[in-house]
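Results of the structural survey
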Amino acid sequence: MKAAITAVAHNVPPDVYDNVWFESKIDTNDEWIKTRTGITERHFAFEGGVTDILLPAAKSVLEQRGLTPEDIDLIILATITPDRVFPSSAAILQRKLGATNAWGFDLAGACSGFLYALVTGAKMVESGAVKRALILGGDKMSSILNFEDRTTCVLFGDGGGAVLLEATDDDTFGVVDHILRMDGRGEDFLHQKAGGSLRPPTIETVTNREHFVYQEGQAVFKSAVKGMADVSFEIMQRNELTADDVAWLVPHQANLRIIDATADRMGLSRDKVMINIDRFGNTTAGTIPICLSELHINKKVAKGDYVVLSSFGAGYTWGSVLIRWAIDT
Ligand code: COA
């Protein structure tokens, strides 16, 4: 028995902020942001929490399958910007959705959070422990962005998505294979300084602006290029897939140059690479489900297609997941 994605949806807040919006606030410009990252605009929600962003996507996947909230057994919500430190955003979403039969938890895998959650959920479904798992990935990055730091605030956006995982009797469909990695030495280069148990909030931490994303961009860039390309190539190789066999690479959307390096390593032409970083920026755990949802909505992915999902993010965490698309177009 395999676990397959049987429905997918996404949601982003309605308000759009283009690169020019930042020009009056910090020393930056549209040209720099576009050429260094590939980003043109992003969505921000300055009100509400991450569960408000994810709830419409959760409702949509249920609607697509004609299910009720009570049909969900497990909720895994990947985020680094939960509504509150506790209870989990999975619990908050469970209440808002009315998924009274579900248990669940949050998963803090940063940009790889969705892939970690997808694989965890798939194993739960494959084992028979749960019948239906709702896997969500999303972040309200605006809540942890220092809008005075030009090296980070232009990179991110708010948004996320959801997939439904269900058992499939046909073993050739669903989540086929995964490679997930972690290297805790990455903490130095990408983290949030305060707000956790190590450095609880104080007037000093707030004054020092320690509750925001801290990133040493070049160090992360180097590791991301290597990490994401390596696992994406490895998963193709060990499943004996050539570039012709792969319908889509769905990469985490952090930087167009990282995406290009991954596609090159896989030998994929650009028309097989899902890119929407220009419109959404880096939504952290949200990028991959948003990409999958857009591919599905635009009927660009067909039943039976091999799709390689890849990510790299804080931790460091990275990985690649091979899926064979199971939804009828
Ligand atoms: N506008 C204008 N100039 C900017 C800027 C901005 N928004 N941000 C940085 N700069 C400047 C820098 O200060 C630097 O100036 P200097 O040469 O005078 O010191 C110059 O641009 C080059 O900065 P650098 O950091 O070398 O640029 P880069 O090409 O490495 O691009 C990132 C920066 C962040 C886009 C890139 O490093 C990156 O994408 N890193 C990985 C991000 C990632 O994958 N994260 C993991 C998931 S969250």
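How each quantity is defined
- Residues numbered from 1 in each chain as written.
- Predicted model: local features only at pLDDT ≥ 70, side-chain atom pairs only at ≥ 80, totals over all residues.
- Heavy atoms only, no water.
- Helix = DSSP H or I, 4+ residues; strand = E, 2+ residues; numbered from the N terminus.
- Contact = heavy atoms within 4.5 Å.
- Core = buried A, V, L, I, M, F, W, Y, C linked by side-chain atoms within 4.5 Å.
- Buried < 20%, exposed > 50% of the residue type's maximum accessible area, 1.4 Å probe, protein only.
- Domains from an automatic or database assignment.
- Arc of directions from axis to C-beta.
- Polar contact = N/O pair within 3.5 Å; in protein donor to acceptor, adjacent residues only side chain to side chain.
- Phe/Tyr/Trp six-rings, centres within 6.5 Å; stacked < 30°, edge-to-face > 60°.
- Lys NZ or Arg CZ within 6 Å of the ring centre and 35° of its normal.
- Buried area = accessible area lost by both parts, 1.4 Å probe.
- Salt bridge = Lys/Arg side-chain N within 4 Å of Asp/Glu carboxyl O.
- Nonpolar A, V, L, I, M, F, W, Y, C, P; charged D, E, K, R; others polar.
- Pairing = 2+ DSSP bridges.
- Axes fitted to C-alpha atoms, helices over the stretch in contact; angles between N-to-C directions.

A word on the environment of L134. Assignment of secondary structure puts L134 in strand β6 (residues 132-140). It is 12 Å that separates the C-alpha atoms of L134 and A167, two residues lying 33 residues apart in sequence. Leaving out residues up to four positions away in the same chain, L134 has contacts with A58, V61, I72, L74, I75, I76, L93, L97, A162 and V163.

Here we come to the nonpolar core. Ranked by internal contacts, the top residues of the largest apolar core, which has 38 residues, are V154, V213, L249, L268, V308 and F312. A total of six residues in this core trace back to one element, the largest contributor, which is helix α7 (residues 217-238). Composition of this core by domain shows at least three residues from each of domain 1 (2-171) and domain 2 (175-324). L268 has contacts with A243, V246, L249 and A263, leaving out every residue within four places of it along the chain. If you look at the next biggest cluster of nonpolar residues, it comprises 36 residues, including A3, V125, L292 and L309.

Looking now at helix α8 (residues 256-266). Of all the residues in α8, the buried ones are I258, I259, T262, A263 and M266. Buried positions in α8, seen along its axis, are confined to an arc of 135° and lie on one side of it. Buried positions along α8 lie against α7, β11 (246-251) and β12 (306-313). If you check the start of α8, you find a side-chain oxygen 2.8 Å away from the backbone N of R257, and it comes from N255. Looking one or two residues beyond α8, the residue adopting positive phi is G267, at roughly 75°.

Moving on, we get to the packing of aromatic side chains. Enumeration over the complete set of coordinates arrives at 15 aromatic pairs. When the ring of W103 is compared with that of F105, the centres are 6.1 Å apart and the planes differ by 35°; the resulting orientation is tilted. Taken together, the ring pairs in this structure connect Y17, W21, F22, F44, F46 and F147 into an aromatic cluster. Taking NZ or CZ as reference, K25 lies 4.4 Å from the ring centre of W21, over its face. When the ring centre of Y306 is taken as reference, the NZ or CZ atom of R324 above it lies at 5.4 Å.

Split by domain assignment, the protein chain resolves into domain 1 (2-171) and domain 2 (175-324). Here the C-alpha centre of domain 2 lies 14 Å away from the C-alpha centre of domain 1. Counting from both sides, the interface comprises 49 residues of domain 1 and, opposite them, 46 residues of domain 2. When the two sides are added together, the surface that domain 1 and domain 2 hide from each other amounts to roughly 3700 Å², 64% of it contributed by carbon and sulfur. The largest share of the area that domain 1 buries against domain 2 comes from C111, L115 and Y116, three residues that together contribute 17% of it. Applying the counting rule to domain 1 against domain 2 returns one salt bridge. One salt bridge in this structure joins E148 and R209, with 3.7 Å as the shortest N-O distance. Our count for the contact surface shared by domain 1 and domain 2 stands at 17 residue pairs in polar contact (both at pLDDT 80 or more). When contributions to the side of domain 1 that touches domain 2 are tallied by element, the ones reaching two or more residues are β1 (2-11), α2 (30-37), β3 (41-43), α5 (113-126), β6 and β7 (158-168). Residue contributions to the side of domain 1 that touches domain 2 peak at eight residues, all from α5. Its residues placed into classes, the side of domain 1 that touches domain 2 shows 23 nonpolar, 17 polar and nine charged.

With that out of the way, let us pick up the side chain of S311. Mapped onto the elements of the fold, S311 is located in strand β12. Polar side-chain contacts of S311 include one of 2.9 Å to the side chain of S112. Those residues in contact with S311 that sit more than four places away from it in its chain are C111, S112, L115, M228, H252, I288, T317, W318 and G319.

Let's shift gears to the sheet that holds strand β5 (residues 103-107). Strands sit in the order β1-β7-β6-β4-β5 across an open sheet of five strands; the sheet is mixed. In the strand order of this sheet, the two ends are held by β1 and β5, each with one partner. Between one strand axis and the next, the sheet turns through 20° on average, direction left out of account. As paired elements, strand β4 (residues 74-78) and β5 share five bridges and run parallel to each other. From the neighbouring strand, L74 faces β5, where its bridge partner is W103.

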